[in-house]
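Report on the structure
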Amino acid sequence: MPLPPRQTPTLPQKPRPIVVLAAGGIVRDAHLPAYKLAGFEVIGIYDIDLEKAERLAADFGIDRVYSSLQEACAHDPSEVVFDVAVPAAGLMKVVKALPDGAAALLQKPFGENLEEARALLALCRSKKLKAAVNFQLRYAPYILAARDLIEQGVIGELHDVAVRVTVYMPWHLWTFLEGIPRVEILYHSVHYVDLVRSFFGEPTGVYAKTVKHPDTEKLASTRTNIALNYGDLKRANISANHGHNFGLKHQQSYVKWEGTKGAIKATLGLLMNYPEGEPDALEYCTLDEEGNPSEWQSVQLQGSWYPHAFIGTMASLMRFADGETDELPTSVDDAFRTMAVVEASYQSDASGGTPIPE
């Protein structure tokens, strides 16, 4: 039997206080609940909508609401962490306002396209920021547990990663997505691209097709297929359909890993019946010496994607900023590589695929 898989990130020895820059739904639903669970102190919050920031501060016991971005950024960069939770279009303005040398956790995606990502990366470097991007799915309890099982050798050599999402997503909750040219890959499947990279490294190419849905005319594409090229022995596929409005019976939301000795499947319950969500699950199956599969075993989970995964990205940044570790898994440099795969996916989609021979 394998050792009980680890499901929680390493916390910093002395957590820095946090200044939150934005007061949107993701901050209310995930960032602040996660920080409360971890015991991280949020000392202030800012939003261009002052009343929204004041309501959030009152609900979560945050003492200070800043009246301007400049006021919020007027902290000693060695003493706080800035949690920049604005949409991609607002990242550049906020990053410019941060004090040089600051530690900052930036909301994903890292810009609206690769050109913006390149400019943001250059800006972070010129300001000498200790900056990471909030690709928090890597730190969901079932992902941490699956990674630990794989590192223990439970399923042998990993050669297949598949993500399948067939759900109904209430896109109307995010009005800022209406009218922009890129939606599904940039704002959702980017998580899975980043996740696959965290297991397999850099792909050599990508094949992708992303399409709109007739029920969401105001949005760009919301359904996607992506195949990442890792040579002749590894397969990585991402399939996302956010328009399955036919009840829960056939909704699916999972990540599956297959190895030479077994397989692991994580059910991402959050995405089904969103935003209420359904139960998560993590199961694994191994082969005996004769190659016969054993019964699937369940792992009891400790938390979910929201809010627990948001502890991991902030904790890793705090530890890196204070020299507790020299690793920053979701650094802006690493996030840029995820954005490069996203850009390649859109280019693949635009190419129209290989014409069928006459």
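Overview of the structure. Since we're looking at a predicted model, the values are computed, not measured.

Points about the sheet that holds strand S8 (residues 205-211)
Here eight strands make up an open sheet; going across it, the order is S8-S9-S10-S7-S11-S12-S13-S14 and the pairing mixed. The outermost strands of the open sheet, each flanked by one partner alone, are S8 and strand S14 (297-298). Two strands pair when backbone bridges link them, and strand S9 (residues 223-229) and strand S10 (residues 235-241) are joined in this way by seven bridges, in the antiparallel orientation. Its bridge partner being in S10, Arg223 is matched across the sheet by Asn241.

Points about the packing of helix H1 (residues 25-38) against helix H8 (residues 309-321)
Taken N-terminus to C-terminus, the directions of H1 and H8 make an angle of 65 degrees; their axes are 8 Å apart at the nearest point. Here H1 is positioned roughly perpendicular relative to H8, judged by the angle of their axes. The way H1 lies across H8 gives a crossing that is right-handed. Residues Ile26, Ala30, His31, Ala34, Tyr35, Leu37 and Ala38 of H1 pack against Phe310, Ile311 and Met314 of H8.

Points about the packing of aromatic side chains
Going through the model one piece at a time under the given rule, you end up with eight aromatic pairs. Measuring from centroid to centroid gives 5.8 Å for Trp174 and Tyr274, while their planes differ by 40 degrees, and the two rings are tilted. Of this pair, Trp174 sits in the loop between strand S7 (158-166) and helix H7 (184-200) while Tyr274 sits in the loop between strand S12 (262-267) and strand S13 (281-286), and the two are 100 residues apart along the sequence. Taking relative accessible area as the criterion, Trp174 reaches 26% and is therefore assigned partly exposed. Counting every residue linked through ring pairs, the aromatic cluster contains Trp171, Trp174 and Tyr274.

Considering the pattern of salt bridges
In total, this model carries 15 salt bridges according to the counting rule given. When the shortest N-O distance is used, the salt bridge between Arg28 and Asp59 registers 2.8 Å. Highlighted residues: Arg28 in helix H1 and Asp59 in helix H2 (residues 50-60), separated in sequence by 31 residues. Among the residues examined, Asp59 registers a relative accessible area of 52% and is labelled exposed. We note a salt bridge from Arg125 to Asp333, for which the minimum N-O separation is 2.5 Å. Of this pair, Arg125 sits in helix H5 (residues 114-126) while Asp333 sits in helix H9 (residues 332-351), and the two are 208 residues apart along the sequence. Among the ionic contacts, a cluster of salt bridges with common partners joins Arg138, Asp194, Arg197, Glu202 and Asp334.

Describing the pairing of S12
A large share of S12 lies buried, amounting to five of its six residues. In the sheet, strand S11 (residues 252-259) pairs with S12 via five bridges, with the strands oriented antiparallel. Residue Glu258 lies in a different strand from S12, and its bridge partner there is Ala263. Counted between consecutive antiparallel strands, the loop separating S11 from S12 contains two residues. Looking at chain direction, S12 and S13 are connected through six bridges and run antiparallel. Bridging from a neighbouring strand, Thr267 pairs with Ala281 of S13.

Focus on the layout of surface pockets
A volume near 1,300 Å³ is recorded for the largest pocket. Taken together, 47 residues form the lining of the largest pocket, with Gly25, Ile26, Gln107, Trp174 and Phe176 sitting closest to its centre. Only H1, helix H4 (91-97) and H7 provide two or more residues apiece to the lining of the largest pocket. The residue inventory of the lining of the largest pocket, partitioned by class, reads 28 nonpolar, eleven polar and eight charged. Of the voids in this model, the second largest pocket is the one considered here, and its volume is about 560 Å³.

Here's the deal with the nonpolar core
Among the nonpolar cores identified, the biggest contains 124 residues, and Leu21, Phe110, Trp257 and Trp305 are the most heavily contacted of them. Looking at this core, the element that brings in the most residues is H7, giving ten residues.

Thresholds applied
Residues numbered from 1 in each chain as written. Predicted model: local features only at pLDDT ≥ 70, side-chain atom pairs only at ≥ 80, totals over all residues. Heavy atoms only, no water. Pairing = 2+ DSSP bridges. Helix = DSSP H or I, 4+ residues; strand = E, 2+ residues; numbered from the N terminus. Axes fitted to C-alpha atoms, helices over the stretch in contact; angles between N-to-C directions. Parallel < 35°, antiparallel > 145°, perpendicular 65-115°, else oblique. Left-handed = near helix turned anticlockwise from the far one by under 90°. Contact = heavy atoms within 4.5 Å. Phe/Tyr/Trp six-rings, centres within 6.5 Å; stacked < 30°, edge-to-face > 60°. Buried < 20%, exposed > 50% of the residue type's maximum accessible area, 1.4 Å probe, protein only. Salt bridge = Lys/Arg side-chain N within 4 Å of Asp/Glu carboxyl O. 1 Å grid on protein atoms, 1.4 Å probe; cavity = no way out; pocket = protein on both sides within 12 Å on 5 of 7 lines; lining within 4 Å. Points joined across faces, edges and corners; volume = space filled by probe spheres on them. Nonpolar A, V, L, I, M, F, W, Y, C, P; charged D, E, K, R; others polar. Core = buried A, V, L, I, M, F, W, Y, C linked by side-chain atoms within 4.5 Å.

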